[in-house]
Amino acid sequence: MADPDRVKPEDRVEHKSLGSGSTPGSGEPAAGHSRPKEEGKARPGDAAAAGEEDEEGSSLHTSPAKKLKLEQDKKKEKRQKVDEDEIQKMQVLVSSFSEEQLNRYEMYRRSAFPKAAIKRLVQSITGSSVSQNVVIAMSGISKVFAGEIVEEALDVCEKWGDTPPLQPKHMREAVRRLKSREQIPNTKHKHILFH
């Protein structure tokens, strides 16, 4: 006999839905209910009952495809909510900018490397044609790289007691510092086989 604590809730629901005329252990079917059908023999009324059972089963057990779709929908909603929150935070930040900060931010947003030049450079290095997506990605990475150098150069300028605009000596020192921290790969690296 099955342990009542280990019986799934779905099993208990099925026993309760048998009807008023039957008890789970009596073996007597309730009025209007037939005994389990014999294998290989289908009765006309059984098809409708089977359809109802499928609907009930689907509400109790969702298929893996439905679960996956629900999870994807939840992730999509969450992503949209996060995006909306980020947009709202950015709007608050931009609205609090001074006029000088706003001009600098606009210049940052508008600045970009020319796509044709990036495409030529990447194609000359790789020796094959590249897609537009690669050009866009390399352009974005280049913008971030240039921003890191400029940011470091501004720190150098401030540390040395100079005032902007940046000078070539600030840029060179920034590159030297980034190389020493291994944030820029050393282009003149000698591959040593044996130490």
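Residues numbered from 1 in each chain as written. Predicted model: local features only at pLDDT ≥ 70, side-chain atom pairs only at ≥ 80, totals over all residues. Heavy atoms only, no water.

The protein has the name TAFII28-like protein domain-containing protein in an unreviewed UniProt entry, where Phoxinus phoxinus is given as its organism. Recorded in UniProt under Subcellular location (unreviewed entry), the annotation for the protein is "Nucleus". What UniProt records for the protein under Sequence similarities (unreviewed entry) is the sentence "Belongs to the TAF11 family." (UniProt positions renumbered as here; feature names shortened; annotations may be inferred.)

A. Spatial organisation of the packing of aromatic side chains. Following the criterion strictly, the structure yields two aromatic pairs and no others. Each ring, one from Y105 and one from Y108, has its centre 6.2 Å from the other, and the planes form 40°; the classification is tilted. Taken together, the residues span about one helical turn, with Y105 and Y108 both in helix 4 (residues 99-110) at a distance of three residues. Seen from the ring of Y108, K143 lies directly overhead, with NZ or CZ sitting 4.6 Å from the centre. (Phe/Tyr/Trp six-rings, centres within 6.5 Å; stacked < 30°, edge-to-face > 60°. Helix = DSSP H or I, 4+ residues; strand = E, 2+ residues; numbered from the N terminus. Lys NZ or Arg CZ within 6 Å of the ring centre and 35° of its normal.)

B. How the structure looks around the packing of helix 6 (residues 132-159) against helix 7 (residues 168-180). Where helix 6 meets helix 7, the closest approach of the two axes is 8 Å, and the angle between their N-to-C directions is 110°. With respect to each other, helix 6 and helix 7 are oriented roughly perpendicular. The handedness of the crossing between helix 6 and helix 7 is right-handed. Along its contact with helix 6, which presents E148, I149, V150, E152, A153, V156, C157 and K159, the element helix 7 presents H170, M171, E173, A174, V175, R177 and L178. By residue class, the composition of the contact of helix 6 with helix 7 is nine nonpolar, one polar and five charged. (Axes fitted to C-alpha atoms, helices over the stretch in contact; angles between N-to-C directions. Parallel < 35°, antiparallel > 145°, perpendicular 65-115°, else oblique. Left-handed = near helix turned anticlockwise from the far one by under 90°. Contact = heavy atoms within 4.5 Å. Nonpolar A, V, L, I, M, F, W, Y, C, P; charged D, E, K, R; others polar.)

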